[in-house]
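# Observations on the three-dimensional arrangement
Given next are the chains, with one letter for each unit.
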Amino acid sequence: MPLPHGPDPVPEKFAACSVRLGADPEPFRVLDPDGHVVGPLPELDDATLLALYRWMAFGRALDGRALAIQRQGRLTVWAPATGQEAALAGMGLAMESGDWVFTAYREPLLLLMRGLALEDLLQYFRGLYWVANPYDTGAWPIQIVIADQTLHAVGAGLGFRLQGQPHVAVASVGDGATSQGDFYEAINFGGVFGAQALIYIQNNGWAISTPRARQSASQTLAQKALAFGLPGLLVDGNDPLAVYQVARHALDRARAGEGPIIVEALTYRLGAHTTADDPTRYQPPDEIAAWRGRDPIIRFRRFLERRGLWDAGREAVLQAEVLVEIDGAIARAEARPTPSFDRVIESTWAIPPPRLRAYQAARHAIDREETP
Amino acid sequence: MAVVTMSQALNMALHEEMARDERVFLIGEDIKDSTYGITKGLWDTYGHKRVIGTPISEAAIAGAVLGAASVGLRPVAEFMYMTFMMCAMDQVVNQAAKSKYMFGGKAVLPIVYRTMAGAGRANAAQHTQSLEAWFAHVPGLKIVMPTTPYDAKGLLKTSIRDDNPVIFIENKVQYATTRGEVPSTDYTIPFGQAAIRRAGTDVTIVALQRMNEIALEAADELAEIGIEAEVIDPRTIVPLDLDSIVKSVRKTHRVVIVHEAHERVGFGAELVAQIVQHAFDYLDAPPIRVANPNVPTPFNRTLEELSIPSAAQVVQAVRGLMR
């Protein structure tokens, strides 16, 4: 039976992880949980493999520091991605210069890999506006409204196509976003217009306290692609080499103007939704234990160790290095002053309307009175 | 100078801006064949890459243009009826309006959301609402409401060249019935400049779009009984040319506001608040609003016409103030 998504079937390598009617897809996998090679390795040199590991370790360390300083009141909020480092770093590695990414809030690692400066990102989590120039980083500000960015990515992907530009827009969403209307309008639009976009679902099992089973009766989230005439691929989201290869394929296909693919990465949120909740109240202990056994960082580290690329000594050096880097960025972010309220007005209006100018003048008068 | 309809004036603006700037493209439902004629002929000239008919998917239209604008295009999106914008409220209000702020002011998001409001074509309650006040409430959106074909062309061109999201509201009765002289030359009209449609000394009437035509009718009737009304057309409600309105009220000491939207929390309420704040000592009578009396718009043509302000109601309101 031909694949339901028409004349452009996925390559043989991804056939088993491709969603289709009447067959259960197997997530694409390169490494087993112990780091043994069980699938086709990507063509990546040792330096790139080590850089990939460094990003994953950086993400894990950043979560630790960010949670600590949030508890001290130094960040407004933080959404840890602990357990999802492979899903983020594999995608970050696959994207190219000129591509854009439209994320939710659990993807700092992906944004940093796209070139966003950590101190700029931390400014945002200190409650300030987005200080980075999106045209330099190709990163749209973090999206807090669930699934909205799927439409922005599809629109950007349509824009690339209309302008004949060889770029791809990546929408990064969670499992919860697949229950929103905007998600469906986006994938429908993307399919109709062949948008140069990639719809990336990180299924981490939980949308705050709502389990995956409460989001949809669909067996997989990737299979939603079938109804919209798109390919859908399932990947082990805790395997960075698998995520990289699937992402690469989806990006190449979109870049070539063949339309979006929906990629579902199976992963797990080994932490809270954000600093505002306590996951031990809803995540079952045996489920957490099972996923801790599939930790993406341990898996990849064991792979590197077996290839002779990594050892305990290097790990200790790396851990010390990333903490220095993170603490430096925190210090630089905290050294920046809170901007004046004028900046809020001027961020909204290139030329503030008369009423706002009057408001500014009145505020300045109060400020002058209060200054001794 | 040719006399054209409102539809033709809008069509001229789109034609000229698409010819002027290849980044400008149109996107919306049924725009190739153009239900109301606004986008007529554009597909033939500019092709399927610049006149993009979409699935029936308003949230997608509203959201996708943000992405397209962020990578260098200048989209002009169409919502066939303003009521359809309710399906896209999150993208318009939470995303388009706030993106410039969320980007720390760095975003260039040259988006025009064109839509059609107003009663008078028997489209029934769910296709007939004037929701300008909802959008005026949200920081980050400019709101344009042209009344004449001349203004429609000039203001649409200004909207397309603006680097921020603009909601451009057209009145669907005016498309075919409102005619005026429109030059074929390139011109723009700045936002935030009201037009004095008729000079007068006894009462100020501030009226939007088709209601401005009603106000002018009423002014003629009032002149016959010796009352000279000054009729003002704000043209854009965000930004608002409050100075012109306040100046007029300080001169006439009385004001009536006319719009098709529901009276309660309509844009007239904001105007009354501003006028009272800035011309309190000049008022000889309380400001009055003439608007839809807070009922859904009836489907039946006779009842529909009764649900929106008439010249007789404006005359009645003014006479009440003159006692």
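Residues numbered from 1 in each chain as written. Chains lettered and ligands numbered in written order. Predicted model: local features only at pLDDT ≥ 70, side-chain atom pairs only at ≥ 80, totals over all residues. Heavy atoms only, no water.

What follows concerns helix α10 (residues 267–279) of chain B. For α10 of chain B, with 13 residues, the first-to-last C-alpha span of 18 Å sits near the 18 Å given by 1.5 Å per residue. Regarding α10 of chain B, the residues found buried are Phe267, Gly268, Leu271, Val272, Gln274, Ile275 and Ala279 of chain B. (Helix = DSSP H or I, 4+ residues; strand = E, 2+ residues; numbered from the N terminus. Expected span 1.5 Å × (residues − 1). Buried < 20%, exposed > 50% of the residue type's maximum accessible area, 1.4 Å probe, protein only.)

Residue and element names in this part refer to chain A. Helix length check: helix α12 (residues 312–335), at 24 residues, gives a terminal C-alpha distance of 35 Å against a target of 34 Å (1.5 Å per residue), a fit within 8%. Among all positions in α12, only Glu315, Leu318, Val322, Ile326, Ala329, Ile330 and Ala333 are buried. Looking at the buried residues of α12, the elements they touch are α1 (46–71), α4 (118–125) and α11 (296–306). Sitting at the amino-terminal end of α12 is Asp311, which places a side-chain oxygen 3.1 Å from the backbone nitrogen of Gly313. (Contact = heavy atoms within 4.5 Å. Polar contact = N/O pair within 3.5 Å; in protein donor to acceptor, adjacent residues only side chain to side chain.)

All names here are of chain B. According to the domain assignment, chain B contains domain 1 (2–182) and domain 2 (195–322). Distance from the C-alpha centre of domain 1 to the C-alpha centre of domain 2: 26 Å. If you look at the interface, domain 1 gives 30 residues, while domain 2 gives 26 residues. Taken over both partners, the interface formed by domain 1 and domain 2 buries close to 2,200 Å², and the fraction arising from carbon and sulfur atoms is 53%. In terms of surface lost to domain 2, no three residues of domain 1 exceed Ala122, Met145 and Thr147, which account for 23% of the buried area on that side. The tally of links from domain 1 across to domain 2 stands at two salt bridges. (Domains from an automatic or database assignment. Buried area = accessible area lost by both parts, 1.4 Å probe. Salt bridge = Lys/Arg side-chain N within 4 Å of Asp/Glu carboxyl O.)

Quick look at the nonpolar core now. Within the largest apolar cluster, 85 residues are counted, with the highest numbers of intra-cluster contacts made by Ile27, Val92, Tyr113, Phe135, Ile167 and Ile275 of chain B. It is helix α3 (residues 58–70) of chain B that provides the largest number of residues to this core, a total of nine residues. With residues up to four places along the chain from it excluded, the contact list for Val92 of chain B reads Ala62, Met85, Ala97, Tyr113, Phe135, Leu141 and Ile167 of chain B. Grouped together as the second largest cluster of nonpolar side chains are 76 residues, Phe14, Ala79, Leu88 and Ala333 of chain A included. (Core = buried A, V, L, I, M, F, W, Y, C linked by side-chain atoms within 4.5 Å.)

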